[in-house]
Amino acid sequence: MYNKILVAADNSPIAEQVIEVALTLAKGVNGQLMLVNVLSQNAEDSPISFAPYASSYSIDLIEKFKEDWQQYQKESLQKLENWKQKAKNMNIKAELRQENGNPGPIICRLAKEWEAELIVIGRRGHSMASEIILGSVSSYVIHRSHCSVHIVQS
């Protein structure tokens, strides 16, 4: 069935549900996982969304953004490592990838490169207006992925 399952998990509250679904699917088919987190400055939890911190950006403020981003990367990678260990404890082979950029295209590219047979991704249930303005990663993946997509609804 689906032996290679790419799991797209971010730092949102639904990520734990997404991981649990993927672990259950992988365990049932003796599959393997690729745990993916794509960090974007546009994400709700991004430490460097360009909110009006100041009327201009100084060297100090840019350095603060850099430090905050590095901490964000470190904490996000630790979550992936924890999920990988959880998979290992269940005798599920798992690898992980963390990248920076636009999540939809990166998830689709990684799935294709890894030859995933299924992508498991969450959907937060934003309003239609917010999806039109901000876009939806899950919608992008559904429409552009080369393989099947399993949506975990929040």
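This text gives an overview of the structure that appears in the document. (Residues numbered from 1 in each chain as written. Predicted model: local features only at pLDDT ≥ 70, side-chain atom pairs only at ≥ 80, totals over all residues. Heavy atoms only, no water.)

## Structural notes on the pattern of salt bridges
Here comes step 1: Applying the stated criterion to the full structure yields 5 salt bridges.
Here comes step 2: Measuring nitrogen to oxygen at the nearest pair gives 2.8 Å for the salt bridge that ties aspartate 68 to lysine 64. One end of the pair, aspartate 68, and the other, lysine 64, are both in helix α2 (residues 59-89), 4 residues apart, so they sit about a helical turn from each other.
Here comes step 3: By relative accessible area, aspartate 68 is classed as partly exposed at 23%.
Here comes step 4: Here arginine 97 ties to glutamate 99 by a salt bridge, and the two come within 2.4 Å at their closest N and O atoms.
Here comes step 5: Classification of arginine 97 by relative accessible area gives partly exposed; the value is 31%.
Here comes step 6: A residue is classified by how much of its surface remains accessible, and glutamate 99, at 17% relative accessible area, is buried.
Here comes step 7: A single salt-bridge network, built from bridges that share partners, covers Arg97, Glu99, Arg109 and Glu113. (Salt bridge = Lys/Arg side-chain N within 4 Å of Asp/Glu carboxyl O. Helix = DSSP H or I, 4+ residues; strand = E, 2+ residues; numbered from the N terminus. Buried < 20%, exposed > 50% of the residue type's maximum accessible area, 1.4 Å probe, protein only.)

## A word on the packing of aromatic side chains
Here comes step 1: Applying the stated criterion across every chain, the model contains 1 aromatic pair.
Here comes step 2: Between tryptophan 69 and tyrosine 72 the ring centres are 5.1 Å apart and the planes differ by 55 degrees, which places this aromatic pair in the tilted class. In this pair, tryptophan 69 and tyrosine 72 are both assigned in helix α2, 3 residues apart and thus about one turn of the helix distant. There is no split in this pair, since tryptophan 69 and tyrosine 72 are both buried. (Phe/Tyr/Trp six-rings, centres within 6.5 Å; stacked < 30°, edge-to-face > 60°.)

## Structural notes on the sheet that holds strand β1 (residues 4-8)
Here comes step 1: Pairing is parallel in the open sheet, where 5 strands are placed in the order β3-β2-β1-β4-β5. Every other strand in the sheet has two partners, leaving β3 (93-100) and β5 (148-153) as the edge strands with one partner each. Direction aside, the axes of adjacent strands within the sheet are offset by 20 degrees on average.
Here comes step 2: Two strands pair when backbone bridges link them, and strand β4 (residues 118-123) and β5 are joined in this way by 6 bridges, in the parallel orientation. Across the sheet, arginine 123 pairs through a bridge with glutamine 153, a residue of β5.
Here comes step 3: Seen against the sheet, α2 touches β2 (32-39) and β3 and runs at an angle of roughly 165 degrees to β3. (Pairing = 2+ DSSP bridges. Axes fitted to C-alpha atoms, helices over the stretch in contact; angles between N-to-C directions. Contact = heavy atoms within 4.5 Å.)

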